Amino acid sequence: MARYNPSQSTYILGGGSNTIFLEDFDGHILINDMRGICHHETEDHHRLSVSGGESWHDFVTKCTDMGWYGLENLALIPGSVGASPIQNIGAYGVEVCEFITEVEYIDLTTGTQHTLPNAECQFGYRDSVFKHSLADTVLITKVHFALPKQWVPVCTYGELRELEKPTARKIYDKVIEIRRSKLPDPSILGNAGSFYKNPVVSHTQFNSLKAKWPVIPGFQVANGVKIPAAWLIDQCGFKGKSKGGVRCHPTQPLVLTNTGKATGSDVISLAQDIIGEVYSKFSVLLEPEVRLVGKEGIISI
Ligand SMILES: Cc1cc2nc3c(=O)[nH]c(=O)nc-3n(C[C@H](O)[C@H](O)[C@H](O)COP(=O)(O)OP(=O)(O)OC[C@H]3O[C@@H](n4cnc5c(N)ncnc54)[C@H](O)[C@@H]3O)c2cc1C
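An account of the accompanying structure is given in this report. Everything quoted here is computed from the prediction, not taken from an experiment.

Turning our attention to the overall build of the chain. Scanning the chain from N- to C-terminus turns up five helices and 19 strands. For 301 residues, the compact-globule estimate of 2.2 N^0.38 gives 19 Å, and the C-alpha radius of gyration of the chain, at 20 Å, lies within 12% of that figure. By principal-axis analysis of the C-alpha atoms, the chain measures approximately 55 × 55 × 40 Å. Relative to its full complement of 301 residues, the chain shows a buried share of 45%. Residue pairs in contact within the chain that sit at least 24 positions apart in sequence constitute 59% of those at least 6 positions apart. Here the chain holds 28 positive side-chain charges and 32 negative ones, and the gap between their average locations is 6 Å.

Here is the structure:
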């Protein structure tokens, strides 16, 4: 491994599915390609230690095939296992932090190895300590999971509610079917998944929005009410709209796609238009979920 040089930008790359390079990055790229999955069982759990370079979806598939259940709602999320704790990937009512016991990483500034227990990972909605005090200076080498043998299906979201006698396999298949029908495949149409996080507002702000927009959707979360960013963007008329080579996806406005020749400034321009319109209509500030990388490293808009 090249020695880490803090004076030179280093960007750690997993599968690259949550990263948009807006221009050529003038630094080092560290790609995590460490492989390996170890399994052992205790009386109550399947315990898995998975190297950071493993593909997330292949890992979920393996677990489902082997009868190690719990992760099936997270099928088809692109990217690597090593990136999964960083934004605490989640979908269809499940977040990965529910199954992570420990995260192993190398501190690139000192070269020392560490193991962080779940309780110290500061997991939240699309958030963890790896986006804050440990951002960009640690390489996640291994993630440890515990999947309870007493499996409980989670079918609280959307079309999963319609499943009769849900099994983990049925959930896995349904999640894949729904995702394929709604989300563009990044290997065919370039995209980084949800461009923005779903904003969380206070109950007071949500009630005043509800008074003006009675059909506004909202989900109670620990610190307020989560509003689907896709709904806000749709209300501002962006669905299917393009700017330069970037398009707001017609069936999922939370996704911006590269229609062929998108430039970094096209991405920024459409992304800022959306943030501006949503703010002026609803007074809700959208924050990007994707990592935007410029010449010098991560940038914020
Ligand atoms: C079509 C599509 C659908 C998606 N759906 C979802 C969804 O339903 N739910 C969800 O939560 N996300 C979703 N995403 C986002 C994405 O899949 C996740 O964020 C995923 O965890 C990114 O993994 P990656 O390896 O590709 O990360 P990258 O884009 O390579 O990296 C993301 C960040 O993690 C850092 N990083 C990566 N690997 C490591 C490592 N080993 N050590 C330290 N830092 C590292 C990078 O520096 C970067 O800051 C979707 C993306 C796409 C394209």
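Here the focus is the site of the ligand. The full set close to the ligand counts 33 residues, and I12, S17, P78, S80 and R179 are the nearest of them. Interatomic distance of 2.7 Å between a backbone N/O atom of G15 and an oxygen atom of the ligand. Side-chain polar atom of R126 to an oxygen atom of the ligand: 3.4 Å apart, as the coordinates give it. Every element with two or more residues in the shell around the ligand is listed here: β1 (10-13), β6 (90-91), β10 (138-148) and β11 (191-194).

Right, let's get into the environment of T115. Positionally, T115 belongs in strand β9 (residues 112-117). By relative accessible area, T115 is classed as partly exposed at 43%. In the structure, T115 is positioned 117 residues away from L232 in sequence and 40 Å away in space, judged by C-alpha atoms.

Attention now moves to the pattern of salt bridges. Here the structure, examined in full by the defined rule, presents eleven salt bridges. Among the salt bridges present, the one from E287 reaches K197, with a minimum N-O distance of 3.5 Å. Here E287 is found in the loop between α5 (264-282) and β18 (291-293), whereas its partner K197 is found in the loop between β11 and β12 (200-201), with 90 residues between them in sequence. Close ionic contact of K243 with D273 constitutes a salt bridge, the shortest N to O distance being 2.7 Å.

The rules we used
Residues numbered from 1 in each chain as written. Predicted model: local features only at pLDDT ≥ 70, side-chain atom pairs only at ≥ 80, totals over all residues. Heavy atoms only, no water. Helix = DSSP H or I, 4+ residues; strand = E, 2+ residues; numbered from the N terminus. Rg over C-alpha atoms; globule rule 2.2 N^0.38 Å. Buried < 20%, exposed > 50% of the residue type's maximum accessible area, 1.4 Å probe, protein only. Contact = heavy atoms within 4.5 Å. Lys, Arg positive; Asp, Glu negative; His and termini not counted. Charge placed at Lys NZ, Arg CZ, Asp CG, Glu CD. Near = heavy atom within 4 Å. Polar contact = N/O pair within 3.5 Å; in protein donor to acceptor, adjacent residues only side chain to side chain. Salt bridge = Lys/Arg side-chain N within 4 Å of Asp/Glu carboxyl O.

Distances and angles like these do not, on their own, reveal function.
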